[in-house]
Structures are given as structure tokens and as C-alpha cells.
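Here is how the chains run, residue by residue.
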Amino acid sequence: MMYFKNREKIKEYYIKEDYYKNRPVGISAMMRVGDEEEFIEASILSVIDFFDEILVVLNNPRDNTENIVRSIKNKKIKILKYPFKLFPNGPGHDNNYEDSITEIAYYYNWCLSKTKYSHVCKWDGDMVAINSFKNINKNIIF
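What you are looking at is a predicted structure, and each value in this text was computed from that prediction instead of being measured. All residue numbers refer to position in the chain's written sequence, counted from 1. Given that the model is predicted, a residue must reach a pLDDT of at least 70 before its local features are reported, and side-chain atom pairs must reach 80 or more before they are shown or counted; all residues, however, enter totals for whole chains, interfaces and linings. For side-chain calculations, the full set of non-hydrogen atoms in the structure is used, while hydrogens and water are omitted.

This part is about the nonpolar core. In this structure, Met31, Ile44, Phe51, Ile54, Val56, Ile77 and Trp123 are the most contacted members of the largest nonpolar core, which totals 20 residues. Looking at this core, the elements that each hand over two or more residues are strand E3 (27-33), helix H1 (40-47), strand E4 (53-58) and helix H2 (65-71). The dominant element in this core, judged by the number of residues it contributes, is E3, at 4 residues. Beyond its immediate stretch of four places on either side in the chain, Ile54 contacts Ala29, Met31, Ile44, Val47, Ile48, Lys76, Ile77 and Lys78. Joining through side-chain atoms within 4.5 Å is the link that ties buried Ala, Val, Leu, Ile, Met, Phe, Trp, Tyr and Cys residues into a set, and such a set is a nonpolar core. Under the scheme applied here, a residue whose accessible area is under 20% of the maximum for its type counts as buried, over 50% as exposed, and between as partly exposed, the area being computed with a 1.4 Å probe on protein chains only. Judged by nonpolar contacts, the second largest core, of 14 residues, contains Tyr13, Ile15, Leu55 and Cys111. Secondary structure counts use DSSP, requiring at least four H or I residues in a row for a helix and at least two E residues in a row for a strand, with both numbered from the N terminus. By the convention used here, residues are in contact when the closest approach between their heavy atoms is within 4.5 Å.

This brings us to the sheet that holds E4. The pairing criterion for strands is at least two bridges between them, as found by DSSP. Spatial ordering of the open sheet is given by E5-E4-E3-E6, a layout of 4 strands whose pairing is parallel. The outermost strands of the open sheet, each flanked by one partner alone, are strand E5 (77-81) and strand E6 (119-122). Geometrically, the sheet is characterised by an average inter-axis angle of 25 degrees between neighbouring strands, direction not taken into account. Here the axes come from fitting lines to C-alpha atoms, over the contacting stretch only for helices, and the angles between their N-to-C directions go from 0 to 180 degrees. This element, H1, spans E3, E4 and E5 of the sheet and lies at about 175 degrees to E3. Along the sheet face, helix H3 (residues 104-113) touches E3, E4, E5 and E6 and points at about 145 degrees away from the line of E3.

This paragraph deals with H1. All buried positions along H1 are accounted for by Ile40, Ser43, Ile44, Ser46 and Val47. Seen end-on, H1 carries its buried residues on one side only, within an arc spanning 160 degrees. Of the surrounding secondary structure, the elements contacted by the buried residues of H1 are E3, E4, H2 and E5. As used here, the arc belongs to the directions running from the helix axis to the C-beta atoms.

Here we come to the environment of Gly92. Counting through the fold element by element, Gly92 comes out in the loop between E5 and H3. C-alpha separation for the pair Gly92 and Met31, spaced 61 residues apart in sequence, amounts to 26 Å.

Looking now at the side chain of Ser46. The residue Ser46 is located in helix H1 in this model. Any pair of nitrogen or oxygen atoms within 3.5 Å is treated as a polar contact; in protein, a donor-acceptor pairing is required on top of that, and neighbouring residues in sequence qualify only through side-chain atoms on both sides. Within the local environment of Ser46, its side chain forms a polar contact with the backbone nitrogen of Ala129, the two atoms lying 2.9 Å apart.

Any Lys or Arg side-chain nitrogen found within 4 Å of a carboxyl oxygen on Asp or Glu counts as a salt bridge. Inspection of every chain in the model, using the stated rule, returns 6 salt bridges. Arg7 is the salt-bridge partner of Asp99, the closest N and O atoms lying 2.9 Å from each other. Pair noted here: Asp99 is in the loop between E5 and H3 and Arg7 is in the loop between strand E1 (3-4) and strand E2 (15-16), with a separation of 92 residues, a long-range link. What makes Arg7 partly exposed here is its relative accessible area of 40%. Glu66 is the salt-bridge partner of Arg70, the closest N and O atoms lying 2.9 Å from each other. Residue Arg70 and its partner Glu66 are both found in helix H2; the two are separated by 4 residues, about one turn of the helix. Each of Arg32, Lys122 and Asp124 takes part in salt bridges that share partners, so that together they form one network.

Structural data, given as C-alpha cells:
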């Protein structure tokens, strides 16, 4: 099996090169979250019926985000941790290595590789869907 490897050689965070192949039809929510305690519960509950999977990737939250997510008991929710400090976007960003676990693009790709379904929506921890959102999934892929 082929992998995109990180320069730090942390195998748990390698990315399978063919992660996107042979996925079941459906929609995954990819949530990359930090300190989101104010809206995370409302965010997840507003889309729990829409998505087939909600992947919550915790990136070093310092507040109660993790406990709140864990308190939502639903088999659609999958929780992972990405415990690395990310190199910020903006000036100096070009000085980081693209294959580093601290690179935001590497982080996004790793998160994406951990989703399960054929279609993926990036969903933020402070986004709350309005009611009409729940009815559009049948127009997307089915």
C-alpha cells in the first residue's frame, strides 16, 4: 500500500494514497475543530440527519469542545485527534514544508482521508444549518 508520508515519520498520520477509492455513496461532514464549545453542539445537531457521517477532528481544543462532542450520542459521529500545532496561514507560510504534519494542507488532506463516503462537505464547528438545508441532500447525489 502506498502512502503520503509526513517528514516527521509519524506513521499514524500517513495518508493512504488511494483513500478516495471504492467509497460507499453518501455524504460525510468533515469538521476540523479547535475551541468551538459555544456552537459545536448546535452545529452538529443541526446536520445530524443530513449527513451519513460526521467526522470531528479535534485540533488541541482548550475549552469543553471535546466533552460536548462526546456527549452527543449518535453512531454517525466519529471523533479523531490531530494533536499538532499547525503552522498559521499568512506571511511566512511558504517557509513551512508541505509534507509536515504542521502544514495546514497536510492536516486538511489527512482529515479528508479519514472520511468514509463518496462525497464530503467541510462543515465548521460554528456553522448551524437552517431547516431547509436538511432537504437538499436528495438533490446532491441521489
